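Residue strings, one per chain:
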Amino acid sequence: MNAAIQQLNNAFSLIAPDAVLLAAVCLIFFAAPFLVNDRGEAPVGLRHRWGCLSLLALLIAGCVWWQSPPVTRTLGPFVLDELTWYIRGLTLTFGVILVLLHWNQADDARSAESHACLLAILAGVNLIAASNDLVGLFVALELVSIPTYLFLLLPRRDAPAQEATLKYFLLSIFSSAVVLFGMSYLYGATGTTNLSGIHAAFSAAHGQQANPLVAVATVMLIAGLGFRLTAVPFHFYAPDVFQGAPTSAAAMLSFIPKIAGFVALLRLMVPATGAEQAINPWTMTPAATPLLWWLAVATMFVGNLMALMQTDIRRLLAYSSVSHAGYMMVGLLVGMEHEGQKHLLTKAIPQSVSGIGAMLFYLAVYGAMTLGTFAVLIAAARTDKRIETFDDLSGLSRTRPALALLLAIFLFSLAGLPPTAGFLGKLNLFFAAWAQGYESSKWLAVILAINAALGAWFYLKIIGVMFLREPVNRSPQETIIETPSLIAAGLCLVGTLGLFFLPGWLWVPIQSIMP
Amino acid sequence: MTNWLNENVLWLIPAAPLLACLWIVLVGQVIGRKYAHRPLVLGLAVSLIASLYLLTVVVPHGFGHDEHDASHSVMTTVYQWIKIGTIDVPVTLRADAMSALMLTMVTSVSLLVAIFASSYMKGDPGYPRFFAAMSLFVFSMCMLVLAGNFLLLFVFWEAVGVCSYLLIGFWFHKPSAAAAAKKAFVVNRIGDFGLILGIFLIWQTFGTLDFATLFESPNLINGILAGQPDIFHWICILLFIGAVGKSAQFPLQVWLPDAMEGPTPVSALIHAATMVTAGVYLVARCTPFFVHAPYVQMTVAGIGAATALIAAITALTQYDLKRVLAYSTVSQLGYMFMSLGAAGGGHGLALHAVTFAMFHMFTHAFFKAVLFLSAGSVMHAMGDVIDMRRFSGLRKALPITHWTFLAGALALAGVPLLSGFWSKDEILAVLAAASREGEHAGFYGVILGIALLTSLMTAFYTFRAYFMTFWGEEKFPEEAGHHPHDAPPAMAVPLAILAAAALGIGLLTGPTHLYGHYLHHTPGLPEGHEFPIDWLMMGISSILAAVGIGTAYQLYVVSPKIVENLQRRLSLAYQASQNGLYIDWFGYKFIAAPLRGLAKICEFFDRWVIDTLVDCVGFIPGLFGSIIRPIQNGMVQNYAAVMMLGLVVCLITVLRALAGTH
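So, how was this worked out
- Residues numbered from 1 in each chain as written.
- Chains lettered and ligands numbered in written order.
- Predicted model: local features only at pLDDT ≥ 70, side-chain atom pairs only at ≥ 80, totals over all residues.
- Heavy atoms only, no water.
- Helix = DSSP H or I, 4+ residues; strand = E, 2+ residues; numbered from the N terminus.
- Rg over C-alpha atoms; globule rule 2.2 N^0.38 Å.
- Buried < 20%, exposed > 50% of the residue type's maximum accessible area, 1.4 Å probe, protein only.
- Contact = heavy atoms within 4.5 Å.
- Areas by Shrake-Rupley, 256 points an atom, 1.4 Å probe, with all protein chains shown as cover.
- Lys, Arg positive; Asp, Glu negative; His and termini not counted.
- Charge placed at Lys NZ, Arg CZ, Asp CG, Glu CD.
- Core = buried A, V, L, I, M, F, W, Y, C linked by side-chain atoms within 4.5 Å.
- Axes fitted to C-alpha atoms, helices over the stretch in contact; angles between N-to-C directions.
- Parallel < 35°, antiparallel > 145°, perpendicular 65-115°, else oblique.
- Left-handed = near helix turned anticlockwise from the far one by under 90°.
- Nonpolar A, V, L, I, M, F, W, Y, C, P; charged D, E, K, R; others polar.
- pLDDT = per-residue confidence, 0-100.
- Buried area = accessible area lost by both parts, 1.4 Å probe.
- Salt bridge = Lys/Arg side-chain N within 4 Å of Asp/Glu carboxyl O.
- Polar contact = N/O pair within 3.5 Å; in protein donor to acceptor, adjacent residues only side chain to side chain.
- Patch = residues over 30% accessible without salt bridge, like charges linked within 9 Å, V, L, I, M, F, W, Y side chains within 5 Å.

Engineer: Please explain the overall build of chain B as it appears in this structure.
Structural biologist: Summing up its helical and strand segments, chain B has 26 helices and 2 strands in all. The C-alpha atoms of chain B give a radius of gyration of 29 Å, which matches the 26 Å a tight globule of 662 residues would have. With the principal axes as the frame, chain B shows a C-alpha extent of 105 × 60 × 55 Å. Burial analysis of chain B (662 residues in total) assigns 58% to the buried set. Long-range contacts, defined as pairs at least 24 residues apart, comprise 81% of the intrachain contacts of chain B with a sequence gap of at least 6. Accessible area of chain B: about 26600 Å², with a carbon and sulfur share of 70%. Counting 33 positive and 35 negative side-chain charges, chain B places the averaged centre of each group 12 Å from the other.

Engineer: How should the overall build of chain A be read in this particular structure?
Structural biologist: When you go through chain A residue by residue, the secondary structure sums to 21 helices and 0 strands. Its C-alpha atoms give chain A a radius of gyration of 22 Å, within 12% of the compact-globule value 24 Å for 515 residues. Within chain A, the proportion of its 515 residues that are buried is 62%. Long-range pairs, those at least 24 residues apart, make up 82% of the contacts in chain A with a sequence separation of at least 6. Of the roughly 18200 Å² of accessible surface on chain A, 70% is carried by carbon and sulfur atoms.

Engineer: Is there a simple way to explain the nonpolar core in this structure?
Structural biologist: The nonpolar side chains of soluble globular proteins are, as a tendency, buried together. Among the nonpolar cores identified, the biggest contains 201 residues, and Phe150(B), Phe289(B) and Met358(B) are the most heavily contacted of them. Looking at this core element by element, the count peaks at 19 residues for helix H16 (residues 349-381) of chain B. Ignoring sequence-local partners within four residues, the contact set of Phe289(B) consists of Phe150(B), Ile202(B), Phe206(B), Leu214(B), Phe215(B), Ile221(B), Phe232(B), Ile235(B), Cys236(B) and Leu239(B). Of all hydrophobic cores here, the second largest spans 197 residues; its members include Ala116(A), Leu186(A), Ala223(A) and Tyr366(A).

Engineer: What's the story with the packing of helix H9 (residues 231-246) of chain B against helix H14 (residues 294-315) of chain B in this structure? I'm lost.
Structural biologist: When two helices pack together, their arrangement is given by the angle between the helix axes and the distance between those axes. Residue and element names in this part refer to chain B. Direction vectors running N to C along H9 and H14 enclose 20 degrees, while the axes themselves pass 8 Å from each other. One finds that H9 runs roughly parallel with respect to H14. For the element pair H9 and H14, the recorded crossing hand is right-handed. Where H9 approaches H14, its residues His-233, Cys-236, Ile-237 and Phe-240 are matched on the opposing element by Pro-294, Tyr-295, Val-296, Thr-299, Val-300 and Ile-303. Here the contact of H9 with H14 is composed, by residue class, of 8 nonpolar, 2 polar and no charged.

Engineer: Would you mind showing me how to read the confidence of the model for chain A here?
Structural biologist: Should the pLDDT be low somewhere, the predicted coordinates at that spot are not to be read in detail. With 93% of its residues at a pLDDT of 70 or more, chain A shows a mean pLDDT of 87. Predicted confidence for residues 346-350 of chain A stays below pLDDT 50, and this span has 1 contact to residues more than four positions away or in other chains.

Engineer: Help me understand the interface of chain B and chain A in this model?
Structural biologist: Often, the extent of an interface is quoted as the loss of accessible area on bringing the components together. Contact residues are listed per partner, giving 32 residues for chain B and 47 residues for chain A. Across the interface of chain B and chain A, roughly 3400 Å² is buried in total on both sides, 82% from carbon and sulfur atoms. At the boundary of chain B and chain A, one finds 0 salt bridges. One can count 1 residue pair in polar contact (both at pLDDT 80 or more) joining chain B with chain A. Those elements giving two or more residues to the side of chain B that touches chain A turn out to be strand E1 (74-84), helix H25 (583-628) and helix H26 (636-661) of chain B. Counting residues per element, the side of chain B that touches chain A draws most heavily on H26(B), at 13 residues. Here the side of chain B that touches chain A is built from residues that sort into 21 nonpolar, 9 polar and 2 charged.

Engineer: Quick question: what am I supposed to make of a nonpolar patch on the surface here?
Structural biologist: On the surface, a nonpolar cluster with roughly 850 Å² of combined accessible area is contributed by Tyr582(B), Trp585(B), Phe586(B), Phe590(B), Ile591(B), Leu595(B), Leu598(B) and Ile601(B). In this structure, Trp585(B) sits in helix H25.

Structural data, given as structure tokens:
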């Protein structure tokens, strides 16, 4: 009995920050109904309190996170290694920004539930990073998905939001089913749901013939998780949902599911640190690499080419998020190949940029720049109308020069121009792919560069609209002051510029993940 | 305290002007626009003190003896920008004896010029802008000197170019100023192109750009030398092209006289004392490379001689006081390159050649700065008129300016015991030594002859300008009003200090070998034996100076009629000199005009061929979209179907591939 309690305690200590977040979620869900009267009205300004409470929860979780450094891996259901630790830091930091973005997006009566959903989503991402078991992984993935449906709908319950939510809901369920299918095959092939056990089984099967079960599982998992990443052809929901959902929800969707998807793929495909693994037909790598290659290429091209034709700023950002997913898939793919052939490398050759490291770095950079963009869009909204088309942004440099400058910096970063972190992020990915040495990965590097150029086209188009066009019938008094999103934009600016000038700050923890 | 200083003095030197710049840009534009010079003066004072401190700590104490064997340089990595795998880009500052001397020169002249400018620029609407740009310039210049690798050097090489552009075009509403700024920038770009190619070549050859690795380990150079000795010629000629652009040498000297459109303090600081000497610094810094490229060294000497001669001839007949000084600067820079080139004359000469070039640069900074600032003071008094035909006899009206200008002029002319005398004489001596021995003795003999001729002309044109301005009957242009006022204290004090330096600094550091011995602590400089004083050259140069000054006195004070006669008789030669031997014209006619034609063709090609191609490419997204759009129609069942289809395709592909491997 004591041993069991001891084990439970140990397991709990691995997910303490997430437990804090989930406790806050429970508290909010429990308390919120009491503060809204029968007619569904709440005291004015209640949303500020919920916002503060969310920030407090994130702060406590952050303290707990800081106090719980990575520990050695066990066979238990959870792991707390460097990857978990890094991803937690990422979600908690960007969680603060998302809370700030969401601050005024929901009205007082519905603010509580939507904040709780956001915290639950963040906890879910952390649990994905911490899970060491297929079951735990799937539950954590659902802990991200299900609150997302609510989060999309709750703040604004108008027709576009309903449509967006419904689309997301149906397709998300579909993808979850595909993931579950893949997991079941994986279980069938290896006989265990424990991820360490699965990778051990792969290693043990060295020399045997390829297993079609594993191949099917690989395709299913990549396809199902590709939905979270907005990988082509699983990206179709993105433009529609971004357009219809509230801005803060679009911001969340552009970033959080990507962390979830990439971390889940990392956990599934790349064995734990230190485990020697050759490419043998039994692992997921041989099936995954060509598939990911094609998906990455398609994702980059479709994202950028489709973004070129958009006039709606949210649809454009949706396609932009598709293309950035493609860039990060390049990192993932290159990293997987690298991990697979690690034993072949002599230690004498200094490893250049690791693909997984580049991908994890880009994830943080991408979060800062894309959330910054959304923050400016929220801050630039008017009382009657949010920013939707290019016309709403035209002449922004006259009416709100500071916001225009901020947005220009974020767009520069998204386009990958120095002196912004986006430049370094793309540079890392490019070097990682180029230095890999395969013909295929060199092609990937070239395609990445071409797509970066294509991307610059439409980002710079927005900047041109802001700075060169005259404002369209806009009087200054219509603008509202959105302090929380301005703070969020400021934080993102610090990230976007800071990670260019001091990349070591993030790079050092990343390098400890995949030594 | 000493420990702290030792560790931090390096970054402190550039940081102080940078902070001043940030302060002026962020705060000074709004608050206290009239006092925008204060942060700069304060920052420069800090930099100067730090530089002086650096001067004392960078070499072993008790210098002056023969102990330049150990390598003495200080390095700090201020900031590690990116260190990912094999990619490593640190911002490294490195100082040795050479940089310490250069920094002292830069910061002291800048400080004095800044004080001068605080009064000179008073009332200008762009007052804060001026000081912001100047702070940025001093920062960039300090970083250029302190750069620990070629990449950083190149970055700040460009940065000083940008600052120069900003300051030449400071009065950008004046079309001539805007054009001059553009010209300076474009001409400089030609040199920069050579420099960056040289840097690429160094990177390819050595695999590093770090000064410490490149210059302080002879083994590395010897290894390359054994394998590919010719590479040094290529590297050096490319680096020298960079130096030619920045230091306004033939045939890229055309930008410097036009650069006089900028405010006079800028001319004094950037286009006489500091930035234009960056080329000399670069070549001196890369001496370990140049000693292995004797032909390039001869080219350096040849280009230097050509420049010195052409510029001196041009300066003979200019009427614009600042242009006289500008051509004189070009000419003196030519002198420095002659000296650097003399290193090719014999094995023992390299050390002395570099030392004397750097020494001439050092003294030149002071006496040319005082000349320019005095000219500025004249301009200030004459209501911005600078044409020497429109004023004369100013020595009574502007006594302070008169004396300071005279001090600078005497030093420049090479009057015995003054700064210019010592440094110029040493250059002549090293050229004479080169012409006495070695296989290229004849070549260096010609160079020496040109140097002597130039020296004569220098004395003449300097005193021509002096006599035309300060002697003769008193005459003011109407812009000056009736009572021109002499320099106010804020201008007079820097003038006086610089004049004193122009007179004395050579005597203090030249014959005592203080400068030379100090510089010998620079790691990487070749060994050399004691260099004897060349009494013959000293005598000749003194006589030439006296002859030049005497002729100028005769022609412009005693009997000005002769000049008019000469002008009429030798009108062709006179016109040629007046127009700078038509080099500018030639450049426009035969380089700029064909280039413009080429640009026209390119424009046509761009507009009709490239644009059409781009339009075609731009059509692709539309085409692509029209294929994708029907799928992206907002129908959720469609989306699910396509996703399913994609999944099936993925599955079939992977399984088929797997089956193929069996």
